[in-house]
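Letter by letter, the chains look like this.
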Amino acid sequence: MATTTRRLGRTDLEITPIGLGCMPFGGPGIANRYYPTLDQATATMIVRTALDGGVTWFDTAEMYGRGYSERTLTTALHQLGAGTGDVVIASKWTPWFRTAASIGRTVGDRLAALQGYPLGLHQIHMPHGSLSSLASQVRAMAQLHRQGRIRAVGVSNFSAAQMERAHAVLAEYGIPLASNQVQISLLERRIERDGVLAAARRLGVTLIALAPLHTGLLTGRFHEDPTLFRDVRRIRRRLAGFSSATLTRTAPLIDELRAVAAAHGATLSQVALSWLTSYYGDTVVAIPGASKPRHADESAGAMSLHLTQRELDRLADVTP
Ligand SMILES: NC(=O)c1ccc[n+]([C@@H]2O[C@H](COP(=O)([O-])OP(=O)(O)OC[C@H]3O[C@@H](n4cnc5c(N)ncnc54)[C@H](OP(=O)(O)O)[C@@H]3O)[C@@H](O)[C@H]2O)c1
């Protein structure tokens with residue numbers, strides 16, 4: 001199924017408005033504190049469903065099991081016969097307690113874990129935690145780009161000022177800053193106030209919305225059955241603010257999502273993702289996670305849903 005693609009920042013990479021977040025493929029380690037790790041067979045079914053739905057790109061990270069998620073993803077892609085030129089893979093370098101030199105030292109591990117698939121987008125996972133300055137980290141990324149080991153440079157969790165700085169450093173090398181991956185959803189619209197959206201538009205940087213379903217809250221299933229909170233890992237519950245007060249506060253938004261979904265024969269998650277990838281024009285793309293093939297199917301289906309301007313505005317208006 002061919003879906004309209006968008007350019008990733010000012011790079012020559014084309015991606016679909018919806019990608020697949022691969023944190024649940026993360027194996028032992030930090031990803032596993034958020035989501036139970038999926039076995040290879042389930043991961044392969046999820047990747048297959050995403051590809052069948054028209055998704056062409058995948059977000060993973062070193063932090064998701066030090067190669068475990070990257071390897072699970074590319075094992076699935078190999079099993080499914082996806083060509084190396086058919087997909088774009090985004091990964092991330094972990095800055096914690098490391099100098100910028102580790103970016104060059106660890107890229108071989110990333111490429112080994114990708115098992116022959118190119119590293120399309122390499123991102124600095126977060127602006128804090130490294131023993132080197134941000135400028136040094138961005139320069140190390142620029143070197144990898146020059147060596148042809150990565151095709152695009154991105155950042156994650158960067159403020160507007162940090163984006164400007166990264167953009168300026170890369171400009172010295174004639175390389176565009178492709179993206180900034182930050183939390184954005186109907187329940188997290190900080191980018192409109194903190195300058196990140198304005199900076200992205202000014203610099204031609206794509207914003208990649210992490211946790212676009214607010215880790216599942218925007219599917220409406222917790223509003224239907226609040227006892228489901230019990231199955232969610234504590235760290236995810238805390239970060240997403242899962243509580244009965246949150247359910248009450250967000251109920252009008254969920255009601256509106258239900259109304260729009262019913263009008264289109266869609267699901268709440270599809271409406272939430274369609275809003276996210278339309279409301280900000282082409283600037284925002286999303287990487288919903290999936291623990292079941294059905295989730296990947298629904299998320300991909302959001303790319304065929306077209307909300308009216310009135311619906312987009314109405315949803316924005318009822319955001320708490
Ligand atoms: N850069 C960063 O610092 C950072 C941080 C966090 C995440 N990320 C990226 O963002 C991606 C997505 O984040 P996320 O998975 O935490 O949040 P999310 O995409 O907002 O939520 C995904 C979860 O929502 C539920 N879900 C998804 N589709 C559903 C559907 N159709 N019906 C019912 N439930 C559905 C599933 O929960 P259940 O599994 O409980 O069913 C799924 O695991 C990650 O995989 C990762 O690539 C990046």
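Residues numbered from 1 in each chain as written. Predicted model: local features only at pLDDT ≥ 70, side-chain atom pairs only at ≥ 80, totals over all residues. Heavy atoms only, no water.

Q: An account of the site of the ligand is needed here, citing residue identities and associated values.
A: Near the ligand there are 30 residues, and of these Y35, D59, L213, G289 and S291 occur at the shortest range. Backbone polar atom of C22 to an oxygen atom of the ligand: 3.4 Å apart, as the coordinates give it. S156 places a polar side-chain atom, nitrogen or oxygen, 2.9 Å from a nitrogen atom of the ligand. When the ligand is considered free in solution it has 910 Å² of accessible area, and contact with the protein chains removes 91% of it. (Near = heavy atom within 4 Å. Polar contact = N/O pair within 3.5 Å; in protein donor to acceptor, adjacent residues only side chain to side chain. Areas by Shrake-Rupley, 256 points an atom, 1.4 Å probe, with all protein chains shown as cover.)

Q: Summarise the packing of helix α2 (residues 40–52) against helix α12 (residues 293–301); cite the residues concerned and give the values.
A: Contact geometry for α2 and α12: axes closest at 8 Å, N-to-C directions at 15°. Between α2 and α12, the interaxial angle falls into the category roughly parallel. Crossing of α2 against α12: the hand is right-handed. On the side of α2, the interface is formed by M45, I46, T49 and A50, while α12 contributes P293, A296 and D297. (Axes fitted to C-alpha atoms, helices over the stretch in contact; angles between N-to-C directions. Helix = DSSP H or I, 4+ residues; strand = E, 2+ residues; numbered from the N terminus. Parallel < 35°, antiparallel > 145°, perpendicular 65-115°, else oblique. Left-handed = near helix turned anticlockwise from the far one by under 90°. Contact = heavy atoms within 4.5 Å.)

Q: Requested: an account of helix α5 (residues 134–146), with residues and values cited.
A: Compared with an ideal rise of 1.5 Å per residue, which puts 13 residues at 18 Å, α5 spans 18 Å between its outermost C-alpha atoms and is within 8% of the ideal. All of the buried residues along α5 are L134, A135, Q137, V138, A140, M141, A142 and L144. Packing partners of the buried residues in α5 comprise β5 (88–93), α4 (101–113), β6 (119–124), β7 (150–156) and α6 (160–171). At the exit of α5 stands G148, carrying a positive phi of roughly 75°. (Expected span 1.5 Å × (residues − 1). Buried < 20%, exposed > 50% of the residue type's maximum accessible area, 1.4 Å probe, protein only.)

Q: Break down the packing of aromatic side chains for me, citing the residues and quoting the values.
A: Tallied over the full model, the rule gives 6 aromatic pairs. Ring geometry for F229 against F242: centres 5.0 Å apart, planes inclined by 25°, an arrangement best described as stacked. With F229 in the loop between α8 (221–224) and α9 (234–239) and F242 in the loop between α9 and α10 (244–264), the pair connects residues that are 13 residues apart, well separated along the chain. When sorted by exposure, F229 lands in the same class as F242, which is buried. Each residue in the set F222, F229 and F242 is aromatic and connected to the rest through ring pairs, giving one cluster. (Phe/Tyr/Trp six-rings, centres within 6.5 Å; stacked < 30°, edge-to-face > 60°.)

Q: I'd like to hear about the UniProt feature "domain: NADP-dependent oxidoreductase" (unreviewed entry) in the protein chain, residue by residue, with values.
A: UniProt's feature table lists "domain: NADP-dependent oxidoreductase" (unreviewed entry) at residues 17–317, given in the numbering used throughout. What you have in residues 17–317 is 45% helix and 13% strand, and the ends, taken at the C-alpha atoms, are 23 Å apart. (UniProt positions renumbered as here; feature names shortened; annotations may be inferred.)

Q: Report on the environment of A31, specifying residues and quantitative values.
A: The residue A31 is located in helix α1 (residues 31–34) in this model. Under the relative-accessibility criterion, A31 is labelled buried at 1%. Separated by 34 residues in sequence, A31 and G65 place their C-alpha atoms 7.0 Å apart.

Q: An account of the sheet that holds β5 is requested, with residue identities and associated values reported.
A: Remark on secondary structure: sheet strands pair via backbone hydrogen bonds, oriented parallel or antiparallel. Taken together, 8 strands build an open sheet; the order of strands is β3-β4-β5-β6-β7-β8-β9-β10 and the sheet is parallel. If you trace the sheet from one side to the other, it starts and ends with β3 (20–21) and β10 (284–286), each paired once. The pairing of β3 with strand β4 (residues 57–59) spans 2 bridges and is classified as parallel. Across the sheet, the residue bridging to L20 is F58, located in β4. The strands that α5 touches are β5, β6 and β7; relative to β7, the one it contacts most, it runs at about 160°. (Pairing = 2+ DSSP bridges.)

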